[in-house]
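# A structural walkthrough
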Amino acid sequence: MKKLIIAALALVATAIAPNTFAQTKMVGGAPMYPTKDIVDNAVNSKDHTTLVAAVKAAGLVETLKSAGPFTVFAPTNEAFNKLPKGTVETLLKPENKETLTKILTYHVVAGKLSAMDIAKQIKAGNGVAELKTVSGGTLKAMAKGKRIYLVDEKGGKSWVTIPDVNQSNGVIHVVNAVLMPN
């Protein structure tokens, strides 16, 4: 009987392990654990140091550590580097906190939207899904092949490069450009 229980537990552990591992994605050289919140994961990604610095400067750490859920379109350092020279440094100054906050919250949608959820909205919208951001703006999501891209209010485009990075309080989709609100 004891051997049967041990065998059953081993079978359950084996069945669960791949699902847990599959949910943990690597971003910026670090594992993103679905049991951690958005901030606790993002601080470990070497590709998101600028985003983390911006979130801290805007005072959004506690918000993004809260229960949410949130869908975050997270620009990489390379995405921030595409902005005109000096833009990031200017935005990080205390006197520009309001503008920085507006830009960062433009990358956040209330609720947890997986890539599949967004794709369904795109299909239902005849090729375009309008996503209302926490800042009050709108992002347009579209698909090209199996890739999702976003168009901001100024016409800029950003591709989702790593979808469905699940967090305890939502999901992150890594994007390759900073999205700009009006």
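For the structure, check the block above.
Quick look at the structure, then.

Reading guide: rules and limits
Residues numbered from 1 in each chain as written. Predicted model: local features only at pLDDT ≥ 70, side-chain atom pairs only at ≥ 80, totals over all residues. Heavy atoms only, no water. Helix = DSSP H or I, 4+ residues; strand = E, 2+ residues; numbered from the N terminus. Buried < 20%, exposed > 50% of the residue type's maximum accessible area, 1.4 Å probe, protein only. 1 Å grid on protein atoms, 1.4 Å probe; cavity = no way out; pocket = protein on both sides within 12 Å on 5 of 7 lines; lining within 4 Å. Points joined across faces, edges and corners; volume = space filled by probe spheres on them. Nonpolar A, V, L, I, M, F, W, Y, C, P; charged D, E, K, R; others polar.

Take the environment of Ala-67 next. In this fold, Ala-67 is placed in the loop between α4 (61–65) and β3 (70–75). By relative accessible area, Ala-67 is classed as exposed at 70%. Each C-alpha atom, one on Ala-67 and one on Ser-168, is 8.0 Å from the other, the two residues being 101 residues apart in sequence.

The next point concerns empty space enclosed by the protein. The full count for this structure, using the stated rule, is 1 cavity of 30 Å³ or more. As a volume, the largest cavity reaches approximately 40 Å³. Lining the largest cavity are Thr-50, Ala-54, Phe-80, Val-88, Leu-91, Leu-92 and Leu-100. Contributing elements (two or more residues each) for the lining of the largest cavity: α3 (49–58) and α6 (87–91). Classifying every residue of the lining of the largest cavity by side-chain character gives 6 nonpolar, 1 polar and no charged.

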